[in-house]
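Read off the chains here:
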Amino acid sequence: MESNANLYQQEVVQLLKQIIEPILKNDIVSLGMIRNLRIVDDYIYLRLYIGSHQHHLKPEIESKLSSLSWCKKTYFKFVQFRVLKQL
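Bear in mind that the values here come from a model prediction, so they are computed numbers and not experimental data.

1. Here we look at a nonpolar patch on the surface
Together, I23, L24 and L31 give the surface a local cluster of nonpolar side chains, amounting to about 270 Å² of exposed area. Under the relative-accessibility criterion, I23 is labelled exposed at 57%.

See the structure below:
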């Protein structure tokens, strides 16, 4: 039998897959933008890897995850990366 944490993690991943990065036209999970997703008790911890043009995704993620009745709080760590231009 699966633990609640495993079931909760699957539920979180399914919600995050509904969020589409508009420029790349793919969901943020498939793009590898979500890392270190952990469920501890009734709390969600995750890292979101974003570019400078993707800060608009934060409120959408917060909104999606706030719909989870079991989740008391979500903790994000935002990691911004820079795209280096080729010379």
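2. Considerations on the nonpolar core
Of all hydrophobic cores here, the largest spans 20 residues; its most connected members are V12, L16, I44 and L65. Those elements giving two or more residues to this core turn out to be α1 (4–16), β3 (34–40), β4 (43–50) and α2 (57–66).

3. Describing the environment of L15
Tracing the sequence through the fold places L15 in helix α1. With a relative accessible area of 14%, L15 lands in the buried category. For the pair L15 and K64, spaced 49 residues apart in the sequence, the C-alpha separation amounts to 6.4 Å. Setting aside chain neighbours within four positions, we find L15 in contact with K64, L65, S67 and L68.

4. A closer look at α2
The complete set of buried residues in α2 reads L57, I61 and L65. Seen end-on, α2 carries its buried residues on one side only, within an arc spanning 60°. Elements in contact with the buried residues of α2: α1, β1 (20–21), β4 and β5 (73–80).

5. Details of the side chain of Q54
Position of Q54 among the secondary structure elements: in the loop between β4 and α2. Polar side-chain contacts of Q54 include one of 3.3 Å to the side chain of E21. When sequence neighbours within four positions are dropped, the list of residues in contact with Q54 reads E21, L24, M33 and F81.

Each value, and the rule that gives it
- Residues numbered from 1 in each chain as written.
- Predicted model: local features only at pLDDT ≥ 70, side-chain atom pairs only at ≥ 80, totals over all residues.
- Heavy atoms only, no water.
- Patch = residues over 30% accessible without salt bridge, like charges linked within 9 Å, V, L, I, M, F, W, Y side chains within 5 Å.
- Areas by Shrake-Rupley, 256 points an atom, 1.4 Å probe, with all protein chains shown as cover.
- Salt bridge = Lys/Arg side-chain N within 4 Å of Asp/Glu carboxyl O.
- Buried < 20%, exposed > 50% of the residue type's maximum accessible area, 1.4 Å probe, protein only.
- Core = buried A, V, L, I, M, F, W, Y, C linked by side-chain atoms within 4.5 Å.
- Helix = DSSP H or I, 4+ residues; strand = E, 2+ residues; numbered from the N terminus.
- Contact = heavy atoms within 4.5 Å.
- Arc of directions from axis to C-beta.
- Polar contact = N/O pair within 3.5 Å; in protein donor to acceptor, adjacent residues only side chain to side chain.

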